[in-house]
Amino acid sequence: MKLEELDELLQKAQKLRDVMTDLERMESVEKKFIPASLDDKLLTVAEAAKRLSTSESMVYDLMNKGLLPYLEIGRRKIRESTLVQFIAEYEGYSLNGEEPVKIQKGA
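Each value, and the rule that gives it
Counting of residues starts from 1 at the beginning of each chain's written sequence and follows it residue by residue. Totals for whole chains, interfaces and linings use every residue, but because this is a predicted model, local features are given only for residues with pLDDT of at least 70 and side-chain atom pairs only at 80 or more, for both listing and counting. For side-chain calculations, the full set of non-hydrogen atoms in the structure is used, while hydrogens and water are omitted. The cut-offs for exposure are 20% and 50% of the maximum accessible area for each residue type, with area from a 1.4 Å probe on protein chains only; residues under the lower value are buried, those over the upper are exposed, and the others partly exposed. Secondary structure follows DSSP: runs of H or I at least 4 residues long count as helices, runs of E at least 2 residues long count as strands, and numbering of each begins at the N terminus. Each C-beta atom gives one direction from the helix axis, and the arc is the one those directions make. Any two residues whose heavy atoms approach within 4.5 Å at even a single point are treated as in contact. For two strands to be treated as a pair, DSSP must find no fewer than two bridges joining them. For every element, the axis is a line fit to its C-alpha atoms; helices are fit only across the contacting stretch, and the angle between N-to-C directions ranges from 0 to 180 degrees.

Student: Before we move on, can you summarise helix α3 (residues 56-64) with the specific residues and values?
Tutor: Within an α-helix, residues lying three or four positions from one another point in the same direction, as the helix has 3.6 residues per turn. Within α3 the residues assigned to the buried category are M58, V59, L62 and M63. Take α3 and look down its axis: the buried residues cluster within an arc of 140 degrees, on one side only. Structurally, α3 contributes buried residues whose contacts are with α2 (45-52), β3 (75-79) and α4 (80-90). Directly beyond the C-terminal end of α3, a positive phi value near 85 degrees is found at G66.

Student: How would you sum up the sheet that holds strand β2 (residues 71-73)? Please name residues and give values.
Tutor: Hydrogen bonds along the backbone pair up the strands of a sheet, which may run parallel or antiparallel. Overall, antiparallel pairing links the three strands, which are arranged β1-β3-β2 in an open sheet. Only two strands of the sheet have a single partner each, and these edge strands are β1 (42-44) and β2. On average, each strand axis in the sheet is inclined to that of its neighbour by 45 degrees, with strand direction left out of account. Strand direction decides the pairing type here: β1 and β3, joined by three bridges, are antiparallel. Within the sheet, the bridge partner assigned to L43 lies in β3 and is I78. Sheet contacts for α4: β1 and β3; angle to β3, the most-contacted strand, approximately 65 degrees.

Structure representation (structure tokens):
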């Protein structure tokens, strides 16, 4: 194995460790989430929509409903870690209506 490949694996392992630390903090801090990683990127609405595999208008709807926190710096931005937390919090829910609805098994 080349030194470059080893270095890349170590970097990936560190990122995974950061994600695990982030998940532990999410559980213990109750909705106040401080990422362990300093490379927590600010995403545009278009980037967030792409990551969620949805439209930009859906992302705006989620923000306007207060479900997806954002910063307004010129235009709206979403922290990458906030998006990860959002996905974890609303997994198993339908967000198409006015309020989140728990998806029933077999539905």
